[in-house]
Amino acid sequence: MLIAPLGTMLAYTINLFGFYFGLWNFKPVLKIKLLSSFPFDVGLYPVLSSYLIYFIQKEDIRPYTIILIFSLTTTLFEYVMLVFDKVSYGQNWDTFWTFWSYVLPYFVIYRYYTALKRLGLY
């Protein structure tokens, strides 16, 4: 309950900028473009954020390794969507930048989690 809202907020914000600057589009492209990413913003990315913290808690692997694995896996998922023409890139955006667009939010979510732990809220 503490991680998913941050995952939603980060996904929504990043997609807002991505659509605004023409970096990517999801298909189908709806009249209000940001609604095209709605299932990802309120569904997939918050769930992945929650699983990220779950695996950081449960696995005996360094957190940054888990962040790297999640970033690579999410990038691969988006690459598959790109191959099947469900995502399109513009303005020189590519999978390299996509990877970093996942690393940064996952890192922020991890740092948020550590802050919550220090406060005794997690």
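The following refers to the structure shown. (Residues numbered from 1 in each chain as written. Predicted model: local features only at pLDDT ≥ 70, side-chain atom pairs only at ≥ 80, totals over all residues. Heavy atoms only, no water.)

Another aspect to go through is the environment of Asn92. Counting through the fold element by element, Asn92 comes out in the loop between β2 (87-89) and α4 (95-118). On the accessibility criterion, Asn92 (75% relative accessible area) is exposed. Placed 39 residues apart in sequence, Asn92 and Ile53 show a C-alpha to C-alpha distance of 32 Å. (Helix = DSSP H or I, 4+ residues; strand = E, 2+ residues; numbered from the N terminus. Buried < 20%, exposed > 50% of the residue type's maximum accessible area, 1.4 Å probe, protein only.)

So, on to the pattern of salt bridges. Tallying each qualifying case throughout the model produces 1 salt bridge. A salt bridge links Lys27 to Asp85; the nearest nitrogen and oxygen atoms lie 3.0 Å apart. Taken together, the positions of Lys27 in the loop between β1 (24-26) and α2 (38-58) and Asp85 in the loop between α3 (63-83) and β2 put the pair 58 residues apart, joining distant regions of the chain. Looking at Lys27, the relative accessible area reads 35%, which means it is partly exposed. (Salt bridge = Lys/Arg side-chain N within 4 Å of Asp/Glu carboxyl O.)

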